[in-house]
Each structure stands twice: as C-alpha cells, then as structure tokens.
Amino acid sequence: MTEKTLSIIKPDGVSRGLIGDVISRFEKNDIRIIAMKMVHLSIEQARGFYAVHSKRPFFDSLTQFMSSGPVVAMILEGDNVIEKNRTLMGATNFKDAAEGTIRRDFATDIEKNIVHGSDAPETAAVEISFFFNELEVCNK
Ligand code: ATP
Ligand code: MG
C-alpha cells in the first residue's frame, strides 16, 4: 500500500554533512521524496513537535537538541514506507540498531541519532501537517 511518512534529518545529521547520505539511502530503496525543506525550529516548535514525549525525562534535552540547529524535513512516499523508513533508520539506540542502518552507521548517542521517522499512519499525518501545507507537496 502506498503511504506517506515524515522524515527529519536531525541537527547532528545536518551539521555532520550527512544530508546526502541519508537521502541517497531513501532514493536507492524506491522511496520518493515528495516535499522537502530546511528549517531551524524554535524551542517552542520542538516542544510542540515532540509533545507526545512531554512527560519523559529526556524531553528538555531532546527539544533543546532538536532546536540547536537546522533540520531537513521531508515527506517520503512509497510502498509500506512508514515501516520501511523505520527499518532503514534502525533502533532508537544506535547500539541496538541493525548493521547497515542509518543510526548504526552514524549515530553517536541515544539522543543524537541522525533521523526521525513517523511510527504509524496517524502520527505521520499529524507530523506531515506540522511541517508542510498542501501547496508544498508534489503529489502529481
Ligand atoms: P524518533 O521519534 O525521533 O523517530 P524513535 O521513534 O526511534 O525516534 P522515540 O521513543 O520516539 O524514538 O524517541 C524520540 C527521540 O527521543 C529519539 O529518537 C531520541 O532522539 C530521543 N530519546 C529517546 N529515548 C531517549 C533516552 N532514553 N534518552 C535520551 N534521548 C532519548
Ligand atoms: Mg518516535
């Protein structure tokens, strides 16, 4: 089934020059990019985006990190792309991530783990509309 998901290259991925590497992994895996932008989130915007984690002990640190520099937000489209993107990303903690995944190859820390990916159709829809309006999506 064709789906859409939100991908973010986090500030560590952008500052370490990994944008191209992450995008080429998507393109090599039959994932289409149908919207893309670079943005520097404010702390309030980062807190809004990660509101589901507001009660977690790592929330302040995570939202400071996510607003520490520019990120690249993308809408990915493809067959089963929500799960496919999560597989390409690897486990949250890079130490548990499978070989050949983005996080295993590049992450340095459980927090600074290079990429974000939506985890379900409902969260994908909310997260896509957080970053993009309809005019910014190349659906044709
Ligand atoms: P993401 O939502 O960013 O795609 P995820 O779904 O793999 O990652 P979540 O449980 O949603 O993981 O956590 C969101 C983000 O919070 C993680 O990607 C990571 O940056 C950070 N994080 C998660 N757990 C911890 C932790 N125990 N300590 C510090 N940071 C954490
Ligand atoms: Mg998550």
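Just above, that's the structure.
Just so we're clear, the structure is a prediction, and the values are computed from it rather than from any experiment.

Each value, and the rule that gives it
- Residues numbered from 1 in each chain as written.
- Chains lettered and ligands numbered in written order.
- Predicted model: local features only at pLDDT ≥ 70, side-chain atom pairs only at ≥ 80, totals over all residues.
- Heavy atoms only, no water.
- Buried < 20%, exposed > 50% of the residue type's maximum accessible area, 1.4 Å probe, protein only.
- Helix = DSSP H or I, 4+ residues; strand = E, 2+ residues; numbered from the N terminus.
- Pairing = 2+ DSSP bridges.
- Near = heavy atom within 4 Å.
- Polar contact = N/O pair within 3.5 Å; in protein donor to acceptor, adjacent residues only side chain to side chain.
- Areas by Shrake-Rupley, 256 points an atom, 1.4 Å probe, with all protein chains shown as cover.
- 1 Å grid on protein atoms, 1.4 Å probe; cavity = no way out; pocket = protein on both sides within 12 Å on 5 of 7 lines; lining within 4 Å.
- Sits in = over half its atoms within 2 Å of the grid points.

**Student:** Whenever I open this one, the pairing of strand S3 (residues 71-79) confuses me. Can you help?
**Tutor:** Walk down a regular strand and you will see the side chains alternate between the two sheet faces. The element S3 is largely enclosed, with a buried count of eight among its nine residues. In terms of strand pairing, strand S1 (residues 2-9) meets S3 through eight bridges, oriented antiparallel. Its bridge partner lying in S3, Lys-4 is registered against Glu-77. With seven bridges connecting them, strand S2 (residues 32-39) and S3 associate as antiparallel partners. Considered in S3, the bridge of Val-39 is made with Val-71.

**Student:** I keep staring at the site of ligand 1 and nothing clicks. Help me out?
**Tutor:** Around ligand 1, 14 residues are found, and the nearest of them are Tyr-50, Arg-86, Thr-92, Glu-111 and Asn-113. Interatomic distance of 2.6 Å between a side-chain N/O atom of Thr-92 and an oxygen atom of ligand 1. Within the side chain of His-116, an N or O atom sits 3.0 Å from an oxygen atom of ligand 1. Across the complex, the protein chains shield 81% of the 570 Å² of accessible surface that ligand 1 would expose by itself. Counting atoms within 2 Å of the grid points, the majority share of ligand 1 lands in the largest pocket.

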